[in-house]
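Single-letter residue listing:
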Amino acid sequence: LGLALQTSSEMVRCVQLLQSQVSCCRSRQVQLDVWDGTAWQVMHTWDTQGAKVKNSTLGQQLVVPITCDEAKPDGANVVHNCDGLPVVGQQEGQTCVASCVEGYFGGTSEYLCTGSGKFEGSGPNCYSVDFATRVAFLTAIGFFVVLLSHQYKFWCMFQKVRLGHEPDMMPSLLRGRWLEQC
């Protein structure tokens with residue numbers, strides 16, 4: 001069986017294949033292939049013994065699944081594989097993955113092609129690796145300063161008299177002279 005369209009179309013939605021109900025004249029599987037201009041692509045394969053076929057007075061109606069072309073993942077620094085093959089695309093029930101571009105990090109998100117022709121799913125949150133590096137660097141500097149101040153307090157001020165608000169806190173021999181050596 002071959003089908004030639006008068007004009008080229010990116011999405012074919014008018015094909016209806018009928019499978020005979022007579023056991024001698026039907027095949028177990030029916031496959032719809034499409035030509036994309038360079039090679040044949042498998043659009044869909046039906047198992048005529050399965051339950052995904054609708055009975056009709058003329059035979060079994062083989063329904064072509066819809067191709068999703070709406071609500072694809074988008075956003076800054078997001079890439080996806082939801083386009084699928086040329087002409088065929090992603091069909092109902094198939095999934096695709098969206099992730100962050102190189103130089104950004106974040107999770108991956110899975111999208112499902114639904115019967116309405118739209119993808120369902122939520123995109124990943126992508127963060128700049130450069131931004132995360134800056135935050136980590138500044139955090140490390142802050143940690144180093146705090147650690148250094150505690151080391152100074154321990155090594156240089158250990159068991160030394162510290163001035164306070166109470167005048168009798170300092171021994172009388174040290175009043176008037178305060179020299180700290182480390």
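Shown above is the structure to which this text applies.
Quick caveat, the model's predicted, so the values are computed rather than measured.

Visitor: Please clarify how the sheet that holds strand β9 (residues 95-100) should be interpreted in this entry.
Guide: In space, the 4 strands of this open sheet follow the order β7-β9-β11-β12, with antiparallel pairing throughout. Edge positions in the sheet fall to β7 (78-80) and β12 (119-120), since each of these pairs with one other strand and no more. Bridging between strand β11 (residues 109-113) and β12 involves 2 bridges; their strand directions are antiparallel. Residue pairing across strands places C113 opposite F119, the latter belonging to β12.

Visitor: Is there a simple way to explain the pattern of salt bridges in this structure?
Guide: Any two side chains of opposite charge can pair if their charged atoms end up close together. The tally for this structure, following the rule as stated, stands at 2 salt bridges. Note that K72 is salt-bridged to D83, the shortest N-O span being 2.6 Å. Highlighted residues: K72 in the loop between β6 (67-68) and β7 and D83 in the loop between β7 and β8 (90-91), separated in sequence by 11 residues. Since its relative accessible area comes to 30%, K72 is described here as partly exposed. Here D130 makes a salt bridge to R134, at a shortest N to O gap of 2.9 Å. Placement of both D130 and R134 in helix α1 (residues 129-157) is noted, with a separation of 4 residues, approximately one turn of the helix. A relative accessible area of 53% means that R134 is categorised as exposed.

Visitor: Explanation requested: the nonpolar core in the structure shown.
Guide: For soluble globular proteins, nonpolar side chains are generally found buried alongside one another. Residues C68, V78, C82, C96, A98, C100, Y111, C113, F119 and C126 constitute the largest nonpolar core, which totals 10 residues. Contributions of two or more residues to this core are made by β9 and β11. Here this core takes 3 residues from β9, the largest share from any one element. Not counting residues up to four positions away in its chain, the partners in contact with C113 are I66, C68, Q90, Q91, E92, G93, Q94, K118 and F119. Counting residues in hydrophobic clusters, the runner-up holds 8 residues, among them L32, M43, W46 and V64.

Visitor: Looking at this structure, how should I read the state of the cysteines?
Guide: Should the sulfur atoms of two cysteines be covalently bonded, the bond is a disulfide. Going through the model one piece at a time under the given rule, you end up with 3 disulfides. There is a disulfide in this structure between C68 and C113, and the S-S distance comes to 1.9 Å. The sign of the S-S torsion, about 100°, decides the handedness of the disulfide formed by C68 and C113: right-handed. Highlighted residues: C68 in strand β6 and C113 in strand β11, separated in sequence by 45 residues.

Thresholds applied
Throughout this description, residue numbers start from 1 for each chain and increase along the sequence as written. Only residues with pLDDT of at least 70 are given local features in this predicted model, and only at 80 or more are side-chain atom pairs given and counted; all residues enter the totals for whole chains, interfaces and linings. The basis for the side-chain values is all heavy atoms of the structure; hydrogens and waters are excluded. Note: two strands are recorded as paired if DSSP finds a minimum of 2 bridges between them. By definition, any uninterrupted DSSP run of H or I lasting at least four residues is a helix, any uninterrupted run of E lasting at least two residues is a strand, and each is numbered from the N terminus. Each reported salt bridge corresponds to a side-chain nitrogen of Lys or Arg within 4 Å of a carboxyl oxygen of Asp or Glu. Each residue is placed in one exposure class: buried if its accessible area under a 1.4 Å probe, protein chains only, is under 20% of its type's maximum, exposed if it is over 50%, and partly exposed if it falls in between. For this analysis, a nonpolar core means a set of buried residues of the types Ala, Val, Leu, Ile, Met, Phe, Trp, Tyr and Cys, connected via side-chain atoms within 4.5 Å. Contacts were defined at the residue level, with two residues in contact if any of their heavy atoms lie within 4.5 Å. To count as a disulfide, a pair of cysteine sulfur atoms needs to be within 2.5 Å.

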